[in-house]
Protein chains: 4
Amino acid sequence: MDVGFIGMGRMGRAMAANLARAGHTVRAWNRSPEAARGLDGVTPVASAAEAFAGDAVVTMLADDAALETVIVAGGLLDQPERPGLHIGMSTISVALAKQLAAVHARAGVPYISAPVFGRPDVAEAGKLNIVAAGAAALIDRAGPLLDAMGAKTWRFGDDPTRANAVKLAGNFMLISAIEAMAEACALTEGHGVAGADFLDLMTNTLFASPVYKGYGASIAQNRYEPPGFILKLGAKDVRLALQAAEGAGVPMPFASVLRDGLIEAISHGDGEKDLAALARVSARRAGQG
Amino acid sequence: MDVGFIGMGRMGRAMAANLARAGHTVRAWNRSPEAARGLDGVTPVASAAEAFAGDAVVTMLADDAALETVIVAGGLLDQPERPGLHIGMSTISVALAKQLAAVHARAGVPYISAPVFGRPDVAEAGKLNIVAAGAAALIDRAGPLLDAMGAKTWRFGDDPTRANAVKLAGNFMLISAIEAMAEACALTEGHGVAGADFLDLMTNTLFASPVYKGYGASIAQNRYEPPGFILKLGAKDVRLALQAAEGAGVPMPFASVLRDGLIEAISHGDGEKDLAALARVSARRAGQG
Amino acid sequence: MDVGFIGMGRMGRAMAANLARAGHTVRAWNRSPEAARGLDGVTPVASAAEAFAGDAVVTMLADDAALETVIVAGGLLDQPERPGLHIGMSTISVALAKQLAAVHARAGVPYISAPVFGRPDVAEAGKLNIVAAGAAALIDRAGPLLDAMGAKTWRFGDDPTRANAVKLAGNFMLISAIEAMAEACALTEGHGVAGADFLDLMTNTLFASPVYKGYGASIAQNRYEPPGFILKLGAKDVRLALQAAEGAGVPMPFASVLRDGLIEAISHGDGEKDLAALARVSARRAGQG
Amino acid sequence: MDVGFIGMGRMGRAMAANLARAGHTVRAWNRSPEAARGLDGVTPVASAAEAFAGDAVVTMLADDAALETVIVAGGLLDQPERPGLHIGMSTISVALAKQLAAVHARAGVPYISAPVFGRPDVAEAGKLNIVAAGAAALIDRAGPLLDAMGAKTWRFGDDPTRANAVKLAGNFMLISAIEAMAEACALTEGHGVAGADFLDLMTNTLFASPVYKGYGASIAQNRYEPPGFILKLGAKDVRLALQAAEGAGVPMPFASVLRDGLIEAISHGDGEKDLAALARVSARRAGQG
C-alpha cells in the first residue's frame, strides 16, 4: 500500500521502517526533518500535507497538542487530496479522539484509533500490541499495515475513542506497577533487603511479566538513562487517564498518587529520565540514598 | 525427618500433606482438631506442645495473635522437650518476627522465618515460593522440608525478620495489582469497554503473570466466592506492611489507598470474599453496577 | 461610575445590586435575560457587547468556558467601544487568567483579576473578601466598585494571575475543611458519638471560623439543599487547583483526595447539592447511614 | 480535694499548677523526678503508687505505652489504697481506653476519660477544652478539678472511650488544617505569592480560628522551634486515629495522606520539631526552598 507516516520519533521511525520492510511505500514527515531520513524504503516529504494522502496515513505524534496542530489546525482535512484512511496511533486524550472522529466524519475521511503498547525496542521488532477501534471494515483494511507493525491487533468495537480509553487504562496499570515496585523496595530496603534482591524474587515468580521485568531491572540497577519511556510523557498519560476517568465519573485514587509522585519527580529534575525514575521519589521520601 | 506442624488451615494442610508425601513423619495440631485429621502420613496430636518437638516444627497460623497465643503465651518455649528447629512460615508482622527471633534465641531453640507466596492450589502442588531468612546452616537443615513444600527457596540473609518484610512487600505488590486492575476496569467500563475485554488484553500481553491472570479472571467474571485469599486477611497484610514501613520511616501512599479500599470493602460486607472483591469498591465509587 | 456587569447568577445579582445601591450606574447582561431583571438601579441590556463598555465592566461568570465564549470568542475586545477597565471576578483557571491578561494587553483594555471569597448571602451583605491583582493604579481606580461589593480588598501584586492562584488555593482549603470534618464525623459516629455533637465542640473551640461553622452546620443537620456553593462547581475548582499546581510543579495529595471524593459524590447524584454533601461520601464508604 | 497527678510533662505541670492554685492538695509524680518539683502547692512524691490515691488521681502521660507501664503493668489497681476516681486525660488509643475502663471496673476504681484540646500555653492559662465521657455522676464529681484546668468541659456520654475517639478525631482535623495550609502555600508560592501573604488573608477571613492562626503563623515564618506540639506525637495521634477508624470500619483518606507526610517529615529529621513542620514536606516535594 501507499502509506503516509506523520511523526517520526523513536517509535514512529521503527514503525515506518517495518512498514517499508513489509513492502509498503512510505512517505514520511516529521517536524524536525532529519528524523524522517535515513530509512530504507522510507521517503521523506517536505510537508505534513504531502504525507496526508495515499491509501492510508499513520499518525504517531507525541501528544494532543502536536496532533491538533498538525492535523486539525493545519487544515489537512480540507485539502483536495486526502488519504483513504487515517490510522491514529498516538496516545491522546479520549476527548481529542472524540473530536478527531467527528471532524474526520464531517470531512469524509475514514478514521480509526489504533494506539499501541510497547517500548521502542518492541516497535523495532514489529512486536507491538495494537489496540484498534473503529468500523470493522476499516480495521480490516488497515490489517496489512497493522500486521507489519505489531504482533497482534486487539479490537474494541466501532467507537474509535474506546481504543484510546483502553490505551490510557493500560498505561495507568503500567505506571502503577512501577509505583508498587518502588514502594515495596523502599519497604524492604528499610529492613535491610536490597531492592534488587527483592525484585529478583518478584519478577521471577508472581510478577514474571514484561512490564515488571523491564522496569524492575531499571529500578534494581538504579539506572534511568537513556530513557525508554520518558517520565514526562508518563505524567501526561496519567493526566489523560484522570481526565478520561473524571469524564466518566470514575474516581482513581491510585492514579492520583501517581500524579503526585510524577509531579514530584519532575520538580526534582527527573522529567526527561525513564519512567522508572518514579522509584526515586519513594526512596527520597523515605530519606533513603 | 520427624516434623511437628502447627496450624492446619487450607495452606497448612496442603503443606503438611506434601511433607508426609516426601517421607517425613508429621505430627499435626490445629486449634479445631478436625482440620488435622484425614491426611495420609499425618498424625493428629492433642496439643500444640506435642507438635512442638522433634527434628523441626513448622508453624503456619493465621496471624500474629494466633502465633503469640500458641507459641509465646502458650509457654511452648519453656517446656522440657523442644524442637531442633522452628520454621515460622506464617505471614506475621516484622515486629512479632523480631520478638520471636529474640525469645527463641533466649530459649535456645533455633528459629528461621520462611513465609511463602502461593494460594492453596499452589501449596497443594508443592510449588510455593518460599522466602527464607535466618542462619544459613539452619536454612540448609530445613532444606528437605522446604523442598517438599515449595518450588524454590529464596534466601534473604541471616536476620529472620527480613523474610517477613519481603513477604509483606510482596503481598502489598499483589494487592496493588488488584487495585490497579480495578481502577483501570472502572475507567474502561466508563467508556464502554467491558473490564473482561480489557483484562483479556492486559493479562495476555504486558501483564502475563500469575497474579494478574489469577485475580484478573476473578474480576473479569465478577466472581469472588469461594475465596482463595480472604479479603480480610489481605487487609491485615496491608496493615502489617504499613506498620513495617512506618517502623522504617517509609511512606507508602499506594498502601494507604489499599487500606482505605479494603476497609470500605469490609464495611460493605465483602470481608470474607476473595481479595479480588476489592474491585467492587472501584465500581461502587463510580456508581457502576 | 458607569459600570457594565456580565454574569447575573446568584453571586452576580447580589454584587450588581450593591454597585447600584452605592450610586453607580449599572448595565447588566446575562445569557438567560430574566436573571438581569428586577433590580433597582440595574438596567438589563440585550447583549454582552452593550455591557462591555463604560468606565468599567465586571465579569462574574460560572467558569472558564463561559468567560472564553462571551469575552474572547465573542470578540468583545475587538469592538470599537470598550470599557475603561475590565475587573474579572470569576473563579477561573490560572491558565485562562494568563491568556486574558495577554489578550487585554494586546487590545489595550486595562485588566485586573479580582475573584472573591464568600457565599451568596455574604455577597448580598456586601461583605465579600476580594482578592485583587494587577497594576496598582488600576486596583485603585476599581476601589469604589470593590468597596461597594466587599468588606475588604486584599492585594497580591501586579500580575493578575496571582489573584486567581490565591482564589483557587483558598477554595482548596475550604473544601479540605469539609473533607476533614466529614472523615472526623465518620470516625466519631463509628464510636457512637453523633457528628453533630462532635462538630458542636470543634466549631466552637479550635475551629470557630466561618467555613467550619457554615459547612459544619450543614453536615451536622445532614441538609444539603438548597445549595450555597454547588458541589459540581467545587469539583471544578479542585480541578483548576490541581492544574495550577501541576503547572507549578506542586504535588497536592489532599487535593487529589478531594478530587476522588467529589467525583464519587457526583456519580452518586449529589452534584447539584451543596458542597457540604461531600460528607456523604465518607459516610457511604464507611457503610454508615 | 486531695489529688494525685501522674505525668508532669509540659502539659501536666501546667494543669497540676492550676489545680494547686484552685486550692486543691496535689501530690505529683513523674518518671524523671525533677519535672515534679518547683511548683507552689504541688508536693512531689517518690512513686506512682503514692500519687495513685486520695479523692482523685489525674493521669497525663505521653502515650499508650507510658500509661500501660505505669498503671496496668505497674499494678496500681491492685494496691490496697486506691483513688476515689481516676481521670484519664492523656491522648491514648480507643483500644487502651476500652481496656482501662474494663480493668478499672474490675478493680472497683471509678474511671472517666477526659482528654483535652489546647497547647501548653492554653493549659497554663487554665483555658483547655476538656472532652469528658463516663458516668455523669463521676464527671460531676470531677467538676471542681476540671474547672480548675479548663475553660469548659464538653460531655460525650457514659462510655469513656467516646471521649478518646473525639480527641483523636479533633487532632486529625487539626493536622489536616496544617496539611491544607501547607499544600495551599506550595501552590501560591509556585505562582509567586508568598505563603505568608496568602495565610494572612486566609487566617483573617474564612479561617479566623485558633488552629489556623497558630499553626499558620509558624508556617508563614517558617519557624518550627521550639515545638508546641511535637511532630512525632502528632504522627502517633494520626496512627491512633487510623486504628480507631479501622476498628469502626471507617476509611480516612485524608488521615492516610497525613500519615505518609508525617513519616516523610520524620525521615527527614523533623520529628522533634513543631507539628507545623509538616509544611516542609509539601515544599520539599515541590522542589521549593
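All figures in this text were calculated on a predicted structure; none of them were measured in a lab.

(A) Region of the structure containing the overall build of chain A. Looking only at helices and strands, one finds twelve helices and nine strands in chain A. Here the C-alpha atoms of chain A give a radius of gyration of 20 Å, agreeing with the 19 Å that 2.2 N^0.38 yields for 289 residues. Projected onto its principal axes, the C-alpha positions of chain A cover 65 × 45 × 35 Å. Among the 289 residues that make up chain A, the fraction classed as buried is 62%. Long-range contacts, defined here as pairs at least 24 residues apart, represent 66% of the contacts in chain A between residues at least 6 apart. If the 26 positive side-chain charges of chain A are averaged to one point and the 29 negative ones to another, these points end up 1 Å apart.

(B) Spatial organisation of the sheet that holds strand β7 (residues 116–117) of chain B. Residues and elements named next belong to chain B. On the basis of which strands lie adjacent, the open sheet formed by three strands has the order β7-β8-β9 and mixed pairing. The open sheet terminates on both sides in strands that have one partner only, identified here as β7 and β9 (150–155). In this sheet, β9 lies alongside strand β8 (residues 128–132) in parallel orientation, the contact comprising five bridges. In the strand pairing of β9, A132 is matched with R155.

(C) Inspection of unusual backbone geometry at higher detail. All names here are of chain A. The linkage connecting E225 with the following residue, P226, adopts the cis geometry, with an omega of -5 degrees. With respect to the element layout, P226 can be found in the loop between α9 (210–221) and α10 (231–247). In this model, N222 sits at a positive phi of 55 degrees, which is unusual for a non-glycine residue. Residue position: N222 is located in the loop between α9 and α10.

(D) Seen up close, the interface of chain C and chain D. Listed per partner, the contact involves 58 residues of chain C and 58 residues of chain D. Joining chain C to chain D, the criterion identifies nine residue pairs in polar contact (both at pLDDT 80 or more). Listing elements by their share of the side of chain C that touches chain D, those giving two or more residues are β8 (128–132), α7 (160–190), α8 (195–202), α9 (210–221), α10 (231–247) and α11 (253–267) of chain C. When residues in the side of chain C that touches chain D are grouped by element, the largest group, 19 residues, is from α7(C). The residue makeup of the side of chain C that touches chain D, split by class, is 40 nonpolar, twelve polar and six charged.

(E) Looking closely at the UniProt feature "domain: 3-hydroxyisobutyrate dehydrogenase-like NAD-binding" (unreviewed entry) in chain A. Mapped onto the present numbering, the UniProt feature "domain: 3-hydroxyisobutyrate dehydrogenase-like NAD-binding" (unreviewed entry) falls on residues 163–281 of chain A. A helix fraction of 70% and a strand fraction of 0% characterise residues 163–281 of chain A, whose end C-alpha atoms lie 31 Å from each other.

(F) Quick peek at the interface of chain A and chain B. The partner chain B presents 58 residues to the 58 residues of chain A that form the contact. Regarding the contact of chain A and chain B, the summed buried area is about 5,000 Å², with carbon and sulfur atoms giving 81% of it. At the boundary of chain A and chain B, one finds zero salt bridges. The interface formed by chain A and chain B holds ten residue pairs in polar contact (both at pLDDT 80 or more) in total. In terms of residues, the side of chain A that touches chain B owes the most to one element, helix α7 (residues 160–190) of chain A, which gives 19 residues.

(G) Quick look at the relation of the copies chain C and chain D. Each copy of the sequence occupies a distinct position, and chain C is placed on chain D by a rotation of 180 degrees and an axial shift of 0.0 Å, giving an RMSD of 0.0 Å. Such a combination of turn and shift is consistent with a two-fold rotation axis. Closest approach to the rotation axis within chain C is made by the C-alpha atom of C:S209, at a distance of 2.6 Å. Interface overlap between copies is the fraction of interface residues in one copy that are interface residues in the other; for chain C against chain D it reaches 100%, indicating a shared surface.

(H) How the structure looks around the relation of the copies chain A and chain B. Rotating chain A by 180 degrees and translating it 0.0 Å along the rotation axis places it on chain B, where the RMSD comes to 0.1 Å. When the interface residues of chain A are mapped onto chain B, 100% of them are again interface residues, pointing to one common binding face.

(I) Structural detail: the environment of A:E124. Residue and element names in this part refer to chain A. Within the secondary structure, E124 is located in helix α5 (residues 120–124). On the basis of relative accessible area, E124 is assigned to the partly exposed category, the value being 44%. Sequence separation of E124 and L233 is 109 residues, and the distance between their C-alpha atoms is 20 Å. Setting aside its immediate chain neighbours within four residues, E124 contacts R10, A14, N18 and R21.

(J) Up close: the pattern of salt bridges. Residues and elements named next belong to chain C. One pass over the structure, following the stated rule, counts 49 salt bridges over all chains. For the salt bridge of D260 with R259, the shortest nitrogen-to-oxygen distance reads 3.2 Å. For E264, the salt bridge goes to R284, with nearest N and O atoms at 3.5 Å. Of this pair, E264 sits in helix α11 while R284 is found in helix α12 (residues 279–285), placing the two residues 20 residues apart along the sequence. For E264, a relative accessible area of 1% gives the class buried.

(K) Summary view of the sheet that holds strand β8 (residues 128–132) of chain A. Residues and elements named next belong to chain A. With mixed pairing, the three strands of this open sheet are ordered in space as β7-β8-β9. Strand pairing shows two members of the sheet lacking a second neighbour, β7 (116–117) and β9 (150–155), which therefore form its edges. Sheet strands in contact with helix α6 (residues 136–149) are β8 and β9, and its direction is about 160 degrees off that of β9.

(L) Here's a closer look at the packing of aromatic side chains. Scanning all chains against the criterion turns up twelve aromatic pairs over all chains. Ring geometry for A:Y212 versus B:F207: centroids 6.2 Å apart, planes at 80 degrees, classification edge-to-face. With A:Y212 in helix α9 and B:F207 in the loop between α8 (195–202) and α9 (210–221), the pair connects residues from two separate chains. Comparing A:Y212 with B:F207, the two get one shared label, buried. Here the aromatic rings of A:F254 and B:F254 are separated by 3.4 Å at their centres, their planes lie at 15 degrees, and the arrangement is stacked. One end of the pair, A:F254, is in helix α11 (residues 253–267); the other, B:F254, is in helix α11 (residues 253–267), on a second chain. Per residue, the accessibility class of A:F254 equals that of B:F254, and both read buried. Put simply, the rings of A:F207, A:Y212, B:F207 and B:Y212 touch in pairs and so form one group of aromatic residues. When the ring centre of B:W154 is taken as origin, the NZ or CZ atom of B:K152, which lies over that ring, is 3.9 Å away.

(M) The arrangement of helix α7 (residues 160–190) of chain B in detail. Residues and elements named next belong to chain B. Between its first and last C-alpha atoms α7 spans 46 Å; for 31 residues at 1.5 Å apiece the expected length is 45 Å, and the two agree. Burial runs high along α7: 28 of the 31 residues are buried. One or two residues past the end of α7 sits G192, with phi positive at roughly 90 degrees.

Conventions we followed
Residues numbered from 1 in each chain as written. Chains lettered and ligands numbered in written order. Predicted model: local features only at pLDDT ≥ 70, side-chain atom pairs only at ≥ 80, totals over all residues. Heavy atoms only, no water. Helix = DSSP H or I, 4+ residues; strand = E, 2+ residues; numbered from the N terminus. Rg over C-alpha atoms; globule rule 2.2 N^0.38 Å. Buried < 20%, exposed > 50% of the residue type's maximum accessible area, 1.4 Å probe, protein only. Contact = heavy atoms within 4.5 Å. Lys, Arg positive; Asp, Glu negative; His and termini not counted. Charge placed at Lys NZ, Arg CZ, Asp CG, Glu CD. Pairing = 2+ DSSP bridges. Polar contact = N/O pair within 3.5 Å; in protein donor to acceptor, adjacent residues only side chain to side chain. Nonpolar A, V, L, I, M, F, W, Y, C, P; charged D, E, K, R; others polar. UniProt positions renumbered as here; feature names shortened; annotations may be inferred. Buried area = accessible area lost by both parts, 1.4 Å probe. Salt bridge = Lys/Arg side-chain N within 4 Å of Asp/Glu carboxyl O. Least-squares fit on C-alpha atoms with pLDDT ≥ 70 in both. Axes fitted to C-alpha atoms, helices over the stretch in contact; angles between N-to-C directions. Phe/Tyr/Trp six-rings, centres within 6.5 Å; stacked < 30°, edge-to-face > 60°. Lys NZ or Arg CZ within 6 Å of the ring centre and 35° of its normal. Expected span 1.5 Å × (residues − 1).

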